[in-house]
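What follows is the residue order along each chain.
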Amino acid sequence: MTFSLARPSTIVEALRLLADDTEGPTAPLAGGTDLLLDLDDGRSTARRLVSLDKLPWKTLAWDGPRLNVGATLPLARLGSDATVRARLPGLSEGVDAVGSLALRHRATLGGNLGRAAPASDLLPILLAVDATVRLVGTAGRRELPVARFLRGSRQVDLAKDELIESVSIPEARLSTYVWQRVRPANDVSQVGVAVARSGSSASWRLALGGVLPVPTRIPEAEVHLTEERPRPEDVELAANAAATHARFVTDKRASEAYRRRLVATLVRRAVARAQIPPGER
Amino acid sequence: MTSEVALTVNGAAPRRLAVPDSERLLDTLRWRLGLKGTKEGCRTGDCGACTVLVDGETTLSCLTLTHEVQDRAVTTVEGIAEDPEGRRVLAAFAAEDALQCGYCTPGFVVSLTGIRKELGASAPDSAVIEALQGNLCRCTGYLAIVRAVARIGNGNP
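Only a predicted model underlies this, so the values are computations on that prediction, with no experimental measurement involved.

As a further point, take the packing of aromatic side chains. Enumeration according to the criterion identifies one aromatic pair over all chains in this entry. Ring geometry for B:Phe108 against B:Tyr142: centres 6.5 Å apart, planes inclined by 70 degrees, an arrangement best described as edge-to-face. One end of the pair, B:Phe108, is in helix α3 (residues 105-119); the other, B:Tyr142, is in helix α5 (residues 142-153), with 34 residues separating them in the sequence. In this structure, A:Arg87 is placed above the aromatic ring of A:Trp62, and the distance from its NZ or CZ to the ring centre is 3.7 Å. Directly above the aromatic system of A:Trp179 lies the positively charged group of A:Arg181, at a separation of 4.0 Å from the ring centroid.

So, on to helix α1 (residues 25-32) of chain B. Residue and element names in this part refer to chain B. Counting buried positions along α1 yields six of eight residues, so the element is predominantly enclosed. Those residues of α1 lying buried are Leu25, Leu26, Asp27, Thr28, Leu29 and Arg30. Considering only its buried residues, α1 is in contact with β1 (2-9), β2 (15-20), β3 (51-54) and β5 (73-75). Downstream of α1 by a residue or two, Gly34 has a phi angle that is positive, lying close to 70 degrees.

What follows deals with the domain arrangement of chain A. The parts lose accessible area when they come together, and the size of an interface is often stated as this lost area. Split by domain assignment, chain A resolves into domain 1 (4-51), domain 2 (60-114 + 130-170) and domain 3 (174-280). Each of domain 1 of chain A and domain 3 of chain A has a C-alpha centre, and these two points are 34 Å apart.

Attention shifts here to the pattern of salt bridges. Under the counting rule described, the total for this entry stands at 43 salt bridges over all chains. A salt bridge links A:Arg205 to A:Asp130, with the nearest nitrogen and oxygen atoms 4.0 Å apart. Taken together, the positions of A:Arg205 in strand β13 (residues 205-209) and A:Asp130 in the loop between α8 (123-128) and β6 (132-137) put the pair 75 residues apart, joining distant regions of the chain. Using a relative accessible area of 8% as the deciding quantity, one classes A:Arg205 as buried. Salt-bridge contacts for B:Arg88 lead to B:Glu85; the nearest nitrogen and oxygen are separated by 3.3 Å. Of the two residues, B:Arg88 and B:Glu85 are both situated in helix α2 (residues 84-95); the distance of three residues between them amounts to about one turn of the helix.

Of the residues lining the interface, 25 residues belong to chain A; the matching set on chain B comes to 25 residues. Buried surface at the junction of chain A and chain B, summed over both partners, amounts to about 2300 Å²; 53% is from carbon and sulfur atoms. Counting the surface chain A buries against chain B, the share from its top three residues, A:His105, A:Arg106 and A:Asn186, is 25%. Counting across the interface, chain A meets chain B through four salt bridges. In this structure, A:Arg7 engages B:Glu68 in a salt bridge whose closest nitrogen and oxygen atoms are separated by 2.7 Å. The interface formed by chain A and chain B includes seven residue pairs in polar contact (both at pLDDT 80 or more). Broken down by secondary-structure element, the contributors of at least two residues to the side of chain A that touches chain B are β1 (4-6), α2 (35-40) and α6 (101-104) of chain A. Along the lines of polarity and charge, the residues of the side of chain A that touches chain B split into eleven nonpolar, eight polar and six charged.

Rules of the game
Every chain's residues receive numbers from 1 upward, in the order its sequence appears when written. Chains and ligands are labelled by the order in which they are written, letters from A for the one and numbers from 1 for the other. Note on the predicted model: pLDDT of at least 70 is required for a residue's local features to be given, and 80 or more for side-chain atom pairs to be given and counted; whole-chain, interface and lining totals, by contrast, use all residues. The side-chain numbers reported here are obtained from all heavy atoms of the structure, hydrogens and water having been left aside. Only the six-membered ring of Trp is used, alongside the rings of Phe and Tyr, when aromatic pairs are assigned; centres must lie within 6.5 Å, and planes under 30 degrees apart are stacked while those over 60 apart are edge-to-face, with the rest tilted. Helix and strand labels come from DSSP, where a helix needs a run of H or I of at least four residues and a strand needs a run of E of at least two; each type is numbered from the N terminus. Consider the ring centre and the ring normal. A charge sits over the ring if Lys NZ or Arg CZ is within 6 Å of that centre and within 35 degrees of that normal. Burial classification: accessible surface area is computed with a 1.4 Å probe over protein chains only, and a residue below 20% of its type maximum counts as buried, one above 50% as exposed, and the rest as partly exposed. Here a residue-residue contact requires only that any non-hydrogen atoms of the pair lie within 4.5 Å. An automatic or database domain assignment supplies the start and end points of every domain. Any carboxyl oxygen of Asp or Glu that lies within 4 Å of a side-chain nitrogen of Lys or Arg is treated as forming a salt bridge with it. Buried area is a sum: the accessible area each of two parts loses on coming together, probed at 1.4 Å, counted once for each and added. Polar contacts, as counted here, are pairs of nitrogen or oxygen atoms within 3.5 Å of one another; within protein the pair requires one atom able to donate a hydrogen and one able to accept it, and residues that are adjacent in sequence qualify only if both atoms are side-chain atoms. Under the scheme applied, nonpolar residues are Ala, Val, Leu, Ile, Met, Phe, Trp, Tyr, Cys and Pro; charged residues are Asp, Glu, Lys and Arg; polar residues are all the others, including Gly.

What follows is the structure, encoded as structure tokens:
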């Protein structure tokens, strides 16, 4: 499908273009690795794209114990950062899981959040570390936890004249993301499991991908993971709770029943892996 | 809508072209510039046959709008021999007969060149091969490609 493309240089101009529907439905374009496919097969009806390429958001910086990732930073640059791999290993592992290196040179964290795919490899870890999304719009700036930003399958709390500006992610040295696929390379995960334990939380947080309607935390599993090194019987309870309480989809990649069994295994694997230092995994 | 874009391809002086806003770099390269070395495989970002370098980084030209590479340097397989790393890759592919039907080969050659530049000459073969996972060979001729990677790793292309 054909569309027109605007490439604004300022945030103000980008927001003005997004609010203006006179040329037809308008959508923001980050890396385009998901949106362009939707345009090709008609799942997106956008007739004008507003490219975020020239906005000053390809940034990566630690602010004390929090990592700020600009919305349009290519995932490859996030994945190759040694400080991120040491201080937020689960995030690096989520990035490694996305497509191929060439795809990660274009795909972005902001795009992954904004598209809110059920099988996203990045949303589980953002939920498990309790990341915050920072938005900028014509009405001003606001920020909210990723858990509240995600409203449903491919639905997010983002106004028409609003953009994701950055993501603020707390350090979590005890974190990991594990996944299962039909083929390890270049495939979409059947299920992904992220676990993390950060300073402020009293227990491990656990979030699943490949579930309905969108990646989500499973509090019923987290209650069993209060200890820094959970006992095997508690891990078992958490694994069973995750398999019981999540809503799974049956699709071409896996049946609901298979996903349910997979989740229990991946939860056991994730809790064990998260306790291994990043360099030794 | 169609508007003008300045494209810098394979080190030549920037060339101004009128290109529809929604056109992919893959189509501009093949059909406007006649650079047919860049192949269309899946057109969904899964196979890597359309890989080019944009400012030296491997990029899927099927998922990149032409207007988004304005002011950036594009390298296709036709220009890869201008790069010392590209020449090493070409020599290793030739020495190992690392192709069967050849359709995926331009993508592999460009990808491997970009990966070697990005990971550095001392990167272990295993890391290079892992980074090559985005390139598929439907003939499944992977063993010779892996041998080509090892040949470069040994400094003996």
